[in-house]
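Working through the structure, step by step
Chain residues, written in single-letter form:
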2 protein chains.
Amino acid sequence: MARVFNFCAGPAALPTEVLQQAQAELVDWRGKGLSIMEMSHRSDEFVAVAEEAEKDFRDLLSISDDYAVLFLQGGATGQFSAVPLNLLGNAASADYINTGIWSKKAIAEAKRYTSVNVAASTESENFMRVPTQAELRLTGDAAYVHYTPNETIGGLEFQWIPEVGDKPLVADMSSSILSRPLDVSRFGVIYAGAQKNIGPAGICIAIVRKDLLDRERPETPVSMSYKVAASNGSMYNTPPTYAWYLSGLVFKWLKAQGGLEAMGEVNKRKAAQLYAAIDGSDFYNNPIALDSRSLMNIPFTLADDRLNDRFLAEAEEAGLLNLQGHRSVGGMRASIYNAVPESAVKALTSFMAEFEKRHA
Amino acid sequence: MARVFNFCAGPAALPTEVLQQAQAELVDWRGKGLSIMEMSHRSDEFVAVAEEAEKDFRDLLSISDDYAVLFLQGGATGQFSAVPLNLLGNAASADYINTGIWSKKAIAEAKRYTSVNVAASTESENFMRVPTQAELRLTGDAAYVHYTPNETIGGLEFQWIPEVGDKPLVADMSSSILSRPLDVSRFGVIYAGAQKNIGPAGICIAIVRKDLLDRERPETPVSMSYKVAASNGSMYNTPPTYAWYLSGLVFKWLKAQGGLEAMGEVNKRKAAQLYAAIDGSDFYNNPIALDSRSLMNIPFTLADDRLNDRFLAEAEEAGLLNLQGHRSVGGMRASIYNAVPESAVKALTSFMAEFEKRHA
């Protein structure tokens with residue numbers, strides 16, 4: 001079968017070219033007679049792969065030497081613990097902005113280690129928008145300020161970076177990293193589970209400002225320690241080598257696409273096209289405030305919920321997969337990460353128009 | 001190039017047939033039009049893959065329903081923290097047996113959470129043997145007894161299971177699991193990083209007796225919690241799906257080989273052949289006591305250390321890769337896990353004999 005268009009929220013679509021290269025060299029990596037996943041993480045070959053991936057990632061985001069780039073085991077959920085464990089030091093509290101399900105999970109985990117001040121929340125408005133800068137109530141003794149720039153399930157996104165004074169700003173960028181240019185220097189820590197815009201599930205990248213590497217709490221598991229990872233090139237213990245290698249292939253692909261400026265333009269066009277299709281119809285609806293809409297995850301509902309199953313079945317027949325909304329919210333959701341091409345969005349909007357014609 | 005013989009200690013060789021199947025379906029998994037690594041972990045397809053992998057793993061080791069089988073992020077180093085965090089409860093100490101580098105790492109990490117009683121150690125004998133049952137000094141108030149059945153670097157292995165009364169016995173089986181039949185019912189917890197006998201780096205299996213799931217310490221990171229993993233089918237958060245899938249292919253391959261009885265016979269023959277080649281020569285030496293020798297990791301030295309580089313270079317020319325000993329001990333090491341065929345050991349012993357003839 002031909003490759004389908006895959007709108008999965010994560011683990012998500014990867015570029016076909018990346019998968020094809022991985023496939024070609026899976027059994028025999030570059031003539032060495034073994035797979036890259038069968039090599040020691042300390043072999044010259046794998047170390048070169050790992051270093052090149054870090055370099056390409058740094059290039060893409062223009063990350064300065066003030067920051068360590070860590071390739072860690074696990075995903076964002078692990079970081080929900082790692083952030084307080086690594087950053088609290090002697091502080092007794094942290095500020096968190098609450099914009100939806102993933103913020104709430106980060107908050108719940110942080111509360112197990114510290115007192116959490118919710119600096120702003122739009123929960124009373126059902127998370128239909130992100131808060132404004134003026135709404136933030138930051139506290140003086142907080143160790144850091146945490147937020148979720150893009151809520152994968154709710155489909156809302158900050159179009160701006162919070163101003164938090166001299167506190168380290170910490171961001172869960174799992175679903176927005178690499179989708180457009182980013183001023184990393186505004187952040188203390190950025191972390192991102194790979195399975196949306198980086199690579200396969202099972203690896204997580206953390207970008208950590210180096211002056212924050214001395215705040216670790218004594219109970220931090222060694223495998224979660226930013227300091228240990230930073231001082232060992234992310235190889236204190238065996239890293240997830242195949243996921244690291246695949247992430248490196250994705251970074252090369254992004255560079256070949258023209259980097260994050262070019263990617264950002266494509267992503268803006270994709271989102272604009274899909275929102276236009278939704279907003280131009282009474283049959284489809286997206287409830288998020290215009291200034292808070294996600295470029296990556298676009299939930300929408302049908303005028304008649306009873307048509308949901310038919311929509312999904314017919315979409316699948318048309319080669320449009322994984323459009324079901326998250327089980328906690330229902331409806332539909334199209335995740336249009338970097339690896340989802342413009343042709344996929346075009347096919348989706350055409351299908352939506354036809355489906356509406358037949359069923360409205 | 002043809003596939004080489006790969007004696008890497010980890011990430012280690014995988015069965016060629018497994019890699020070939022993974023390669024064939026990497027871009028388009030079983031006609032679905034997308035890669036298994038691009039599917040939601042909650043999709044029907046992936047859940048079926050995950051459940052089948054667990055079932056095959058349980059079949060191979062005859063694991064009863066008294067045990068949860070958890071597919072976790074990370075490797076054994078993560079478990080060095082997870083074990084005390086999940087098992088200490090209100091206990092103030094744990095017993096650890098010290099047989100080498102990996103035991104010591106587990107002990108060092110446990111000491112960050114509890115008082116550690118070293119129940120036995122052969123460090124004063126340079127870890128040339130494992131202790132005897134009579135040498136174990138277990139303490140009454142210990143929460144559990146931890147040991148490392150096979151020391152990957154030292155090359156020594158318990159040929160027996162310690163008797164620890166009613167304490168849970170905890171074992172780091174990273175480098176010996178699935179190498180032969182095992183009586184799981186003797187253990188409280190077994191854990192194993194995948195990258196030796198299970199699959200690629202980045203996934204770790206824990207077999208946990210269910211009555212031990214209520215002893216978690218409050219500071220346990222949610223991603224490390226056995227209880228949370230057990231009550232969510234190892235999918236509280238996104239698991240490393242591709243590594244899980246590959247592990248499942250390895251389990252199918254093991255079943256096709258005849259299961260662990262058959263595998264154990266092959267592994268015994270492989271080890272016997274290599275030890276015979278070493279012991280039958282004055283040129284090669286393995287220092288480990290006969291009753292403590294590893295079936296999986298066989299270190300050996302050359303009579304003249306100055307020949308080491310030449311040995312490695314000529315071995316590589318002969319298609320025998322990754323024979324260098326661990327950087328902490330030097331010399332040579334052949335890791336002969338399940339995926340290293342008997343023909344590899346035959347080729348190695350032939351090469352060793354020839355090399356000796358030329359250089360002795």
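In this convention, every chain numbers its residues from 1, walking through the sequence in written order. Note on labels: chains are lettered from A, ligands numbered from 1, in written order. A pLDDT threshold of at least 70 governs which residues receive local features in this predicted model, and a stricter bar of 80 or more applies before side-chain atom pairs are shown or counted, although totals over entire chains, interfaces and linings include all residues. Calculation of side-chain values draws on the structure's entire complement of heavy atoms; hydrogens and water are dropped beforehand.

Section: the overall build of chain A
Using the following cut-off: Only DSSP runs of H or I reaching four residues or more are called helices, and only runs of E reaching two or more are called strands; each is numbered from the N terminus. The size measure is the radius of gyration over C-alpha atoms, and the globule rule it meets is 2.2 Å times the number of residues to the 0.38 power. Relative accessibility decides the category of a residue: with a 1.4 Å probe and only protein chains considered, values under 20% of the type maximum give buried, values over 50% give exposed, and everything between is partly exposed. Residues count as neighbours in contact if any of their non-hydrogen atoms are within 4.5 Å of one another.
The secondary structure content of chain A amounts to 9 helices and 14 strands. Scaling as 2.2 N^0.38, a compact globule of 360 residues should have a C-alpha radius of gyration of about 21 Å, and chain A matches this with 21 Å. Going through the 360 residues of chain A one by one, you find that 62% of them count as buried. Summarising the internal contacts of chain A: among those between residues at least 6 apart in sequence, 67% fall at separations of at least 24.

Things to note about the interface of chain A and chain B
Formally: In short, buried area is how much 1.4 Å probe accessible area vanishes from two parts on joining, totalled over both. For this document, the term salt bridge refers to a Lys or Arg side-chain nitrogen within 4 Å of an Asp or Glu carboxyl oxygen. Between N or O atoms, a polar contact is any pair within 3.5 Å; within protein, one atom must be a potential hydrogen donor and the other a potential acceptor, and residues adjacent in sequence are included only when both atoms are from side chains. Residue classes follow a fixed rule: Ala, Val, Leu, Ile, Met, Phe, Trp, Tyr, Cys and Pro count as nonpolar, while Asp, Glu, Lys and Arg count as charged, and any other residue, Gly among them, counts as polar.
At the junction of the two partners, chain A supplies 64 residues and chain B supplies 64 residues. Buried surface at the junction of chain A and chain B, summed over both partners, amounts to about 4,700 Å²; 57% is from carbon and sulfur atoms. Counting across the interface, chain A meets chain B through 2 salt bridges. At the boundary of chain A and chain B, one finds 21 residue pairs in polar contact (both at pLDDT 80 or more). Secondary-structure elements contributing two or more residues to the side of chain A that touches chain B are helix H1 (16-24), helix H3 (76-87), helix H4 (101-110) and helix H6 (241-256) of chain A. If you tally residues by element for the side of chain A that touches chain B, the top one is H1(A), at 5 residues. Its residues placed into classes, the side of chain A that touches chain B shows 30 nonpolar, 23 polar and 11 charged.

Concerning the domain arrangement of chain A
Residue and element names in this part refer to chain A. What counts is decided by this rule: Start and end points for every domain follow an automatic or database-based domain assignment.
What the domain assignment lists for chain A is domain 1 (16-256) and domain 2 (259-359). Using only C-alpha atoms to locate each centre, domain 1 and domain 2 end up separated by 27 Å. The partner domain 2 presents 25 residues to the 26 residues of domain 1 that form the contact. Each partner contributes to the roughly 2,000 Å² buried at the junction of domain 1 and domain 2, and carbon and sulfur atoms together form 57% of this total. Of all residues in domain 1, the largest losses of buried area upon contact with domain 2 belong to Met128, Ile153 and Gly155, amounting jointly to 24% of the total for that side. The tally of links between domain 1 and domain 2 comes to 0 salt bridges.

Structural notes on unusual backbone geometry
A cis geometry characterises the amide bond from Gly10(A) onward to Pro11(A), with omega recorded as -10°. Checked against the element boundaries, Pro11(A) lands in the loop between strand E1 (5-6) and H1. Look at Ser234(A): it is not a glycine, yet its phi comes out positive at around 60°. As for its position among the elements, Ser234(A) is in the loop between helix H5 (226-230) and H6. Since its relative accessible area comes to 6%, Ser234(A) is described here as buried. Residue Asn322(B) is not a glycine yet carries a positive backbone phi of 65°. Turning to its location among the elements, Asn322(B) is positioned in the loop between strand E13 (320-321) and strand E14 (332-335).

Considerations on the pairing of strand E10 (residues 203-209) of chain B
Residue and element names in this part refer to chain B. Worth spelling out the cut-off: Pairing between two strands requires that DSSP report at least two bridges joining them.
Where burial is concerned, most of E10 is hidden: 6 out of the 7 residues are buried. With 7 bridges connecting them, strand E2 (residues 67-73) and E10 associate as antiparallel partners. Looking across to E10, one finds that Val69 is bridged to Ile207. Sheet topology places strand E9 (residues 189-193) next to E10; 5 bridges connect them, and they run antiparallel. Counted as the bridge partner of Ala192 is Ile205 from E10.

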